[in-house]
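Observations on chain architecture
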Amino acid sequence: MLAPGGTIGIVGGGQLGRMTALAAARLGFRAHVFATEADSPAEQVSAAATVASYEDDAALDRFAAAIDVATFEFENIPADAVRRVAAAKPVMPRPEILEIAQDRLTEKDFLRGIGVATTDYREIADAASLGCVLAEMANTIGDRAVLKSARMGYDGKGQFTVDAATAPQEAWRRMGGPRGILERFVDFRCEVSVIVARSADGATVIYPPVENRHINHILDTTLAPALLPPETVREAETIARDIAARLDLVGVLAVEMFVTRDGRLLVNELAPRPHNSGHWTIDACATSQFEQLVRAICGLPLGSTERHSDAVMKNLIGDEVEKWRDAIADPTARLHLYGKRTTRPGRKMGHVTRLLPRKS
């Protein structure tokens, strides 16, 4: 167990690291951030920061020497950097879990290997193999499919819908990666996510499924909890709990799922860190997802996931951050700004959580 006063290293300087550092401070821990840019959102609220490239081994070694335990805030951080830190200090979740989550093919293969349902998918090695699959598409993967870069994709980057008429060379160029995955298009009723926290001793707590609504492939709004039949809620929670156990997770895991028109659950993606769809837990639950991460990696008992309110979480994307004045004047709203100096289209600048009376 790491007692309050210890230092938690956070690899990555974004808003997830920022909110983890704030949760750590609340419990008496210091945060030391490793970020590639100065004045990152996480650095602004942390006791210390190392600003360097993820390829800078000397900087990684100095960072590891200054901390007691480490975690990461984003799965597109190079696994080699995380492994180097892990050679000196405990890193949770362990680097092997990061490597599963940062490659869509590896992730899908892992899920299928443990009996978790996903949409049908095919590995795509190059434009020529994509052309062959598209030519036989109706007989193999359906009338429509989604082509995704196997790595480095988030918020819709490196993915788009294709059909038999799609030009393979152009589709491969637009995808922009050296290796792809083609997934059967899912005509889903809604997308949900479940966040689970797990300790080294296997103790597990879980938040209820929430519904996620996207605009231009970027999460816009989360409704907590999702309006699902009780049996679907139980199944979604069981799936998330089982995946965390099979990964031997220590930390927090978000499991994104599609609810199909006929009520089936298909797992879409895993995120072994706090997740955008869990931001509502800061204001509506006894223990936030960020505090659960701190508790888990420090060996502390996990907190209650009991919610005192239902919630609607709205991301402030790009110029929407200018609506902060409306949010701060709303007594039902809780405003969270990330301290980013530059506003860009599609960039998450903050979020607002509106609390509602709990219905059940």
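Residues numbered from 1 in each chain as written. Predicted model: local features only at pLDDT ≥ 70, side-chain atom pairs only at ≥ 80, totals over all residues. Heavy atoms only, no water.

1. Considerations on helix H3 (residues 79-86)
This is how the line gets drawn: Only protein chains enter the area calculation, which uses a 1.4 Å probe; residues under 20% of their type maximum are buried, those over 50% are exposed, and those in between are partly exposed. Secondary structure elements are taken from DSSP: a helix is a run of H or I of four residues or more, a strand is a run of E of two residues or more, and numbering for both begins at the N terminus. Note that the arc is defined by the directions from the helix axis to the C-beta atoms. The contact criterion used throughout is that any non-hydrogen atoms of two residues lie within 4.5 Å.
Regarding H3, the residues found buried are Ala79, Ala81, Val82 and Val85. Angular distribution of buried residues about the axis of H3 spans 160 degrees; they occupy a single face of the element. In the core, the buried residues of H3 are packed alongside helix H2 (57-65), strand S4 (69-72) and helix H4 (95-101).

2. A short note on the sheet that holds strand S1 (residues 7-11)
For the record, the criterion: One requirement defines pairing of two strands: DSSP has to find at least two bridges between them. Orientation is described by axes fitted as lines to C-alpha atoms, over the contacting stretch for helices, and by angles from 0 to 180 degrees between their N-to-C directions.
The parallel open sheet is built from four strands, whose spatial order is S3-S2-S1-S4. Strand pairing shows two members of the sheet lacking a second neighbour, strand S3 (48-51) and S4, which therefore form its edges. Adjacent strand axes in the sheet meet at a mean angle of 20 degrees when their direction is disregarded. Here four bridges tie strand S2 (residues 30-35) to S3, and the two strands are oriented parallel to one another. In the strand pairing of S3, phenylalanine 34 is matched with threonine 50. Each of S1, S2 and S3 touches H2; the most contacted strand, S2, lies at about 175 degrees to it.

3. Here's the deal with the nonpolar core
The following threshold applies: Buried Ala, Val, Leu, Ile, Met, Phe, Trp, Tyr and Cys residues form a nonpolar core when they are joined through side-chain atoms within 4.5 Å.
With 41 residues, the main nonpolar core has Ile8, Phe29, Trp280, Val294, Ile297 and Cys298 as its most contacted residues. When contributions to this core are tallied by element, the ones reaching two or more residues are S1, helix H1 (15-26), S2, strand S9 (188-198), strand S12 (218-224), strand S13 (251-260), helix H11 (289-298) and strand S15 (309-317). Among the elements that line this core, the one with the most residues is H11, at six residues. The residues touching isoleucine 8, leaving out its near neighbours within four places in the chain, are Ala24, Phe29, Arg30, Ala31, His32, Val69, Val294, Ile297 and Cys298. Grouped together as the second largest cluster of nonpolar side chains are 28 residues, Ile100, Phe110, Ala236 and Ala244 included.

4. Observations regarding the side chain of threonine 222
Put simply, the rule is: Pairs of N or O atoms are called polar contacts if they sit within 3.5 Å, as long as, within protein, a hydrogen donor faces a hydrogen acceptor (for residues adjacent in sequence, only side-chain-to-side-chain pairs).
Relative to the assigned elements, threonine 222 resides in strand S12. Given the relative accessible area of 0%, threonine 222 is considered buried. One polar contact links threonine 222 to asparagine 212, side chain to side chain, over a distance of 2.9 Å.

5. Structural notes on the packing of helix H6 (residues 127-135) against helix H8 (residues 168-175)
We count it as follows: Roughly parallel means an angle under 35 degrees; roughly antiparallel, over 145; roughly perpendicular, 65 to 115; everything else is oblique. Here is the rule for handedness: rotate from the far helix to the near one, and if that takes an anticlockwise turn smaller than a right angle the crossing is left-handed, while a clockwise turn gives right-handed. Ten residue types, Ala, Val, Leu, Ile, Met, Phe, Trp, Tyr, Cys and Pro, are classed as nonpolar, four, Asp, Glu, Lys and Arg, as charged, and the remainder, Gly among them, as polar.
Look at H6 against H8: their axes get within 8 Å of each other, and the N-to-C directions meet at 125 degrees. By the angle between their directions, the pair H6 and H8 is classed as oblique. As H6 packs across H8, the resulting crossing turns out to be right-handed. Every residue of H8 that contacts H6 at Ala127, Leu130, Gly131 and Leu134 is listed here: Pro168, Gln169, Ala171 and Trp172. Along the lines of polarity and charge, the residues of the contact of H6 with H8 split into six nonpolar, two polar and no charged.

6. Let's talk about the environment of arginine 246
On the secondary structure map, arginine 246 appears in helix H9 (residues 230-247). Of the residues examined, arginine 246 reaches a relative accessible area of 52% and is grouped as exposed. For the pair arginine 246 and phenylalanine 110, spaced 136 residues apart in sequence, the C-alpha to C-alpha distance is 9.8 Å. Apart from the residues lying within four places of it in its own chain, the contact partners of arginine 246 are Phe110 and Ile114.

7. Things to note about unusual backbone geometry
With an omega of -5 degrees, the peptide bond running from methionine 92 to proline 93 counts as cis. Mapping proline 93 onto the fold places it in the loop between H3 and H4. Note that the residue after alanine 224, namely proline 225, is joined by a cis bond; omega there is 0 degrees. With respect to the secondary-structure elements, proline 225 resides in the loop between S12 and H9. At asparagine 216, a residue that is not glycine, the phi angle is positive and equals roughly 55 degrees. Relative to the assigned elements, asparagine 216 resides in the loop between strand S11 (210-215) and S12. Classification of asparagine 216 as exposed rests on a relative accessible area of 66%.

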